[in-house]
Amino acid sequence: MRITVTVDGTSYTDDVEPRTLLVHYLRERLGKVGTVVGCDTSNCGACTVHLDGHSVKSCSVLAVQAHGSEVTTIEGLARDGQLHPVQQAFHDNHALQCGFCTPGMIMQSIDLLSDNPDPDEHAVREGLEGNLCRCTGYQNIVKAVRDAAHHMRPGAGPEAERVTGADTGSRTASSVGGGGE
């Protein structure tokens, strides 16, 4: 089946098998390896991407279901070599250990913050409950999400910075959650 999908701002038209999962299409066809295959059962959240602005577990979405849609992966967050504020907050707050869950955690965190721009600790934990981390114990992840919320609040910078653009940090896009195996 022929699909057209915009991924990280670039339009792609490809023939795919109807049973191809979005995660496999992104990784194998487009080389978006920052989208991690964790469990293939939608339990861990490592494969979380944004589909038309909302987080989805790409192991539970068929590539054909993304036809005509816009997909954002972890690789598509940085702007002009600057990390997205959530990526920067994960770096600044040491919110990763092995890094396997980080891309999915960041993508889910951005969706959480779009729904609740000022979450308390409980709201962060509840908003990330579908994403598993086997290393950190979540404390620094929660801290990072709350820190990002502070930096993304109205008045913290231009609208483009708060939503999709650069933050004041100096890390490059490859530093946090921008690639993987």
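Above this text sits the structure in question.
Every value quoted in this text rests on a predicted model; they were computed, and no experiment measured them.

To continue, consider the environment of Cys39. Along the polypeptide, Cys39 turns up in the loop between α1 (22-29) and β3 (48-51). With 20 residues separating them in the primary sequence, Cys39 and Cys59 have C-alpha atoms 8.3 Å apart.

Okay, the nonpolar core next. Core analysis: the largest hydrophobic core is formed by 23 residues, its most contacted members being Val86, Phe90, Met105, Ile106, Leu113, Ile141 and Val145. The leading source of residues in this core is helix α5 (residues 139-152), at seven residues. Apart from the residues within four sequence positions on either side, Val86 is in contact with Ile106, Ser109, Ile110, Leu113, Ala148 and Met152. Formed by 15 residues, the second largest nonpolar core is a distinct cluster that contains Val5, Leu22, Val49 and Val64.

Running from N to C, helix α3 (residues 102-115) and α5 cross one another at 45°; their axes reach a closest spacing of 11 Å. By the criterion of interaxial angle, the relationship of α3 to α5 is oblique. Of the two possible hands of crossing, α3 and α5 adopt the one that is right-handed. For the pair α3 and α5, the contacting residues are Met105, Ser109, Leu112 and Leu113 in the first and Ile141, Val145, Ala148, Ala149 and Met152 in the second. In the contact of α3 with α5, the residues fall into eight nonpolar, one polar and no charged.

The pairing of strand β1 (residues 2-7) with strand β2 (residues 10-15) spans six bridges and is antiparallel. Note that in β2 the partner of Val5 across the bridge is Tyr12. In this antiparallel pair of consecutive strands, β1 and β2, the connection spans two residues, and Asp8 shows a positive phi of 50°.

Relative to the elements of secondary structure, Asn131 occurs in the loop between α4 (121-127) and α5. According to the relative accessible area criterion, Asn131 is buried, its value standing at 3%. Only 3.0 Å separates the side chain of Asn131 from the backbone oxygen of Gly45, close enough to count as a polar contact. Within polar-contact distance, the side chain of Asn131 engages the side chain of Thr48 at 3.4 Å. Leaving out residues up to four positions away in the same chain, Asn131 has contacts with Cys44, Gly45, Thr48, Gly104, Met105, Gln108 and Tyr138.

Within the open sheet, the five strands sit side by side as β2-β1-β5-β3-β4. Their pairing is mixed. The open sheet has two edge strands with one neighbour each: β2 and β4 (54-57). Taken over all neighbouring pairs, the strand axes of this sheet differ in orientation by 35° on average, direction set aside. Direction of pairing for β3 relative to β4: antiparallel, over a ladder of four bridges. Bridge pairing in β4 places His50 opposite Ser55.

Conventions used here
Residues numbered from 1 in each chain as written. Predicted model: local features only at pLDDT ≥ 70, side-chain atom pairs only at ≥ 80, totals over all residues. Heavy atoms only, no water. Helix = DSSP H or I, 4+ residues; strand = E, 2+ residues; numbered from the N terminus. Core = buried A, V, L, I, M, F, W, Y, C linked by side-chain atoms within 4.5 Å. Buried < 20%, exposed > 50% of the residue type's maximum accessible area, 1.4 Å probe, protein only. Contact = heavy atoms within 4.5 Å. Axes fitted to C-alpha atoms, helices over the stretch in contact; angles between N-to-C directions. Parallel < 35°, antiparallel > 145°, perpendicular 65-115°, else oblique. Left-handed = near helix turned anticlockwise from the far one by under 90°. Nonpolar A, V, L, I, M, F, W, Y, C, P; charged D, E, K, R; others polar. Pairing = 2+ DSSP bridges. Polar contact = N/O pair within 3.5 Å; in protein donor to acceptor, adjacent residues only side chain to side chain.

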